Amino acid sequence: MKNVLFAVSEAVPFIKTGGLADVAGALPKAFDKKEYDIKVMLPKYACCEHLNEYELVFEGEVDVELAWRKQYVGVFSTVVDGVTFYLLDSEYYFSGQKPYGQIYEDIEKFSFYSKAVFEACKILNYHPDIIHCHDWQAALVPVYLKTLYKDDPLFAGTKSIFTIHNLLFQGRWIIDEVKDKTGLPESVFANGDLECYGEGNLLKGAVLYADKVTTVSQVYADEMKTPEGGEGLDNIFRFKGDNFTGIVNGLDTDEFDPSKDKMIFKNYDVKTFKTGKRENKLKLQKMLGLNEDKDVMLIGMVSRLSVQKGFDLITYMAEEFLTTSHSQLVFLGSGEDNIADKLCYLSNKYPGRVSTNVCYSEDLSRKIYAGCDVFLMPSQFEPCGLSQLISMRYGTIPLVRETGGLKETVEPYNEYDKTGRGFSFANYNAHELLETLRYAQKIFYDQKKDWDALVRKDMKLDFSWEVSAEKYKELYDGLLE
Ligand code: ADP
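One structure accompanies this document, and this report is about it.

Cut-offs used in this document
- Residues numbered from 1 in each chain as written.
- Predicted model: local features only at pLDDT ≥ 70, side-chain atom pairs only at ≥ 80, totals over all residues.
- Heavy atoms only, no water.
- Salt bridge = Lys/Arg side-chain N within 4 Å of Asp/Glu carboxyl O.
- Helix = DSSP H or I, 4+ residues; strand = E, 2+ residues; numbered from the N terminus.
- Buried < 20%, exposed > 50% of the residue type's maximum accessible area, 1.4 Å probe, protein only.
- Pairing = 2+ DSSP bridges.
- Axes fitted to C-alpha atoms, helices over the stretch in contact; angles between N-to-C directions.
- Contact = heavy atoms within 4.5 Å.
- Phe/Tyr/Trp six-rings, centres within 6.5 Å; stacked < 30°, edge-to-face > 60°.
- Lys NZ or Arg CZ within 6 Å of the ring centre and 35° of its normal.
- Near = heavy atom within 4 Å.
- Polar contact = N/O pair within 3.5 Å; in protein donor to acceptor, adjacent residues only side chain to side chain.
- Areas by Shrake-Rupley, 256 points an atom, 1.4 Å probe, with all protein chains shown as cover.
- Nonpolar A, V, L, I, M, F, W, Y, C, P; charged D, E, K, R; others polar.
- Expected span 1.5 Å × (residues − 1).
- Arc of directions from axis to C-beta.
- Right-handed = clockwise from strand over helix to strand, strands pointing away.

**Here we look at the pattern of salt bridges**
All told, the structure shown has 32 salt bridges when counted by the stated rule. A salt bridge links Glu199 to Arg172; its shortest N-O distance comes to 2.9 Å. Note that Glu199 is positioned in strand β10 (residues 199–201) and Arg172 in strand β8 (residues 172–174), a separation of 27 residues in sequence. Residue classification places Arg172 among the partly exposed residues on the basis of a relative accessible area of 40%.

Now the structure itself:
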């Protein structure tokens, strides 16, 4: 039995701000427990959800030193669906209303968390064969492993893997502050290992010190090696060579299943999707005040309202699209106000054709995945993307920009040999998006049989976590040979 410890700042079912929590909650379950025992260690935030629903066992306590600071940590454990979660309690660091706050505070908070991971292992007398760390919040773990804890017998032979879920966030701050807050030896800084363009940079340290580095799609990994996609670190990713790879995320196929989903109007599967999706579409149109029309193409988008997601392309071409077609648009999202304002302008100007919903609603999101014909993701960049996987599972054809995980998971449709899974365009350009929408409309309205075959094909695809877990297993096996 090999021990793998996930060091991660969020995990379902305790705390979630993004896709990272889904990965940390789902991936450990997908491993064969006879071979790999995966445990997860995360902060016990005061804002963790439903903590009282779990039986927390007190495992011990320790004072963790971070440079000149010293703070108490309580170590708790609980088991969820066969996976052990360790929760590290520190009222001083983890009592905020949200897991993340100002970066200058977070640098210290997550330096402390990373140090506490090692001290908690000591309390538990737990030897991890691999520590699998995620995103910048756990970036110091590979660095501490090879510096402060390199001679600790408990971690003899322990390897580290660092997975990047979004390169935009690197844990950057004033270098002198980073020196003070991390408590790392001067030699680390003398080499510039945690420094990038004069700033302290925790993520860079993890990339250099981890035995293997991964990200959440191979296409995103390749983009990260270029000056355009490397966010200032492209040379470091090139330097890692074969020790830097991409493994695409999976989907919780039990959770996202149109034949069982209680939030949609009518359940359906690959055999019954025609009537099922029609009923979902009509009821969604009614609920949102759109014209009720089973034959019209309904295009949906469920997304954070962020520049990353390509909203400027949509708002640039939306009126041209709406005035030259009958199709309808539905948006669900929360985030930046200026994006919300532009989408609301569209729904005010085109009532019955455009519905804008500025909120976070799991319930409405499911109804959109089920009721739409096309799902829109014209992202500027997309490390992996979950929504396109959900939409395919619900028989809603994705229309995406060819970037990162979108390029990897949505092979473009070819009407001649009937290959592909969805529609896509290459350049970040509003008229390329418009032309691709028009192409999708042509297939939808004029080649109905082909469209239905595409829906059937997408619904049958296997995006389960087992496929990704197999690839992570190969990575772990390679490290422990
Ligand atoms: P990212 O992690 O960059 O936000 P992903 O596509 O990987 O993008 O995952 C986004 C997830 O969040 C999807 O499951 C999507 O359905 C969900 N989501 C985003 N915005 C909303 C919203 N306003 N209401 C409900 N679900 C949302």
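Structure shown, so let's carry the discussion forward.
**A closer look at the sheet that holds strand β14 (residues 328–335)**
Here six strands make up an open sheet; going across it, the order is β15-β14-β13-β16-β17-β18 and the pairing parallel. Each of the sheet's edge strands pairs with one partner strand only, and the pair in question is β15 (354–358) and β18 (423–425). The average undirected angle you get between the axes of adjacent strands in this sheet is 15 degrees. Along the sheet face, helix α12 (residues 337–349) touches β13 (298–305), β14 and β15 and points at about 150 degrees away from the line of β15. Along the sheet, helix α17 (residues 448–460) contacts β16 (374–377), β17 (397–401) and β18; its crossing angle with β17, the most-contacted strand, is approximately 85 degrees.

**So, the packing of aromatic side chains**
Scanning all chains against the criterion turns up 27 aromatic pairs. Here the aromatic rings of Phe444 and Trp451 are separated by 5.1 Å at their centres, their planes lie at 85 degrees, and the arrangement is edge-to-face. Each member of the pair, Phe444 together with Trp451, is buried. Through successive ring pairs, a cluster of aromatic residues spans Tyr413, Phe423, Tyr439, Phe444, Tyr445 and Trp451. The aromatic ring of Phe265 is capped on one face by Lys367, whose charged end is 5.1 Å from the ring centroid. Directly above the aromatic system of Phe444 lies the positively charged group of Lys448, at a separation of 3.5 Å from the ring centroid.

**Things to note about the site of the ligand**
Arg304, Lys309, Cys359, Tyr369 and Leu386 are the nearest of the 19 residues found near the ligand. Measuring from an oxygen atom of the ligand, one finds a side-chain N or O atom of Lys309 at 2.8 Å. The separation between an oxygen atom of the ligand and a polar main-chain atom of Leu386 is 3.0 Å. Here the ligand has 560 Å² of accessible area as a free molecule, and 86% of this is covered by the chains. Of the residues contributing to the shell around the ligand, the split by class is eight nonpolar, eight polar and three charged.

**Observations concerning helix α18 (residues 465–480)**
End to end, α18 covers 22 Å across 16 residues, agreeing with the expected 22 Å (1.5 Å per residue, within 8%). For α18, the complete set of buried residues consists of Trp465, Ser468, Ala469, Tyr472, Lys473, Leu475, Tyr476 and Leu479. Along α18, the residues classed as buried sweep out an arc of 165 degrees about the axis, all on the same side.

**Comments concerning the pairing of β16**
Of the two faces of β16, the one carrying Val374 and Leu376 and the one carrying Phe375 and Met377 are both buried. As paired strands, β13 and β16 are joined by two bridges and run parallel to one another. What sits directly across from Gly300, in β16, is Phe375. In this fold, β16 hands off to helix α14 (residues 387–393), which returns the chain to β17; that crossover is right-handed.

Worth remembering: the numbers are spatial, not functional.
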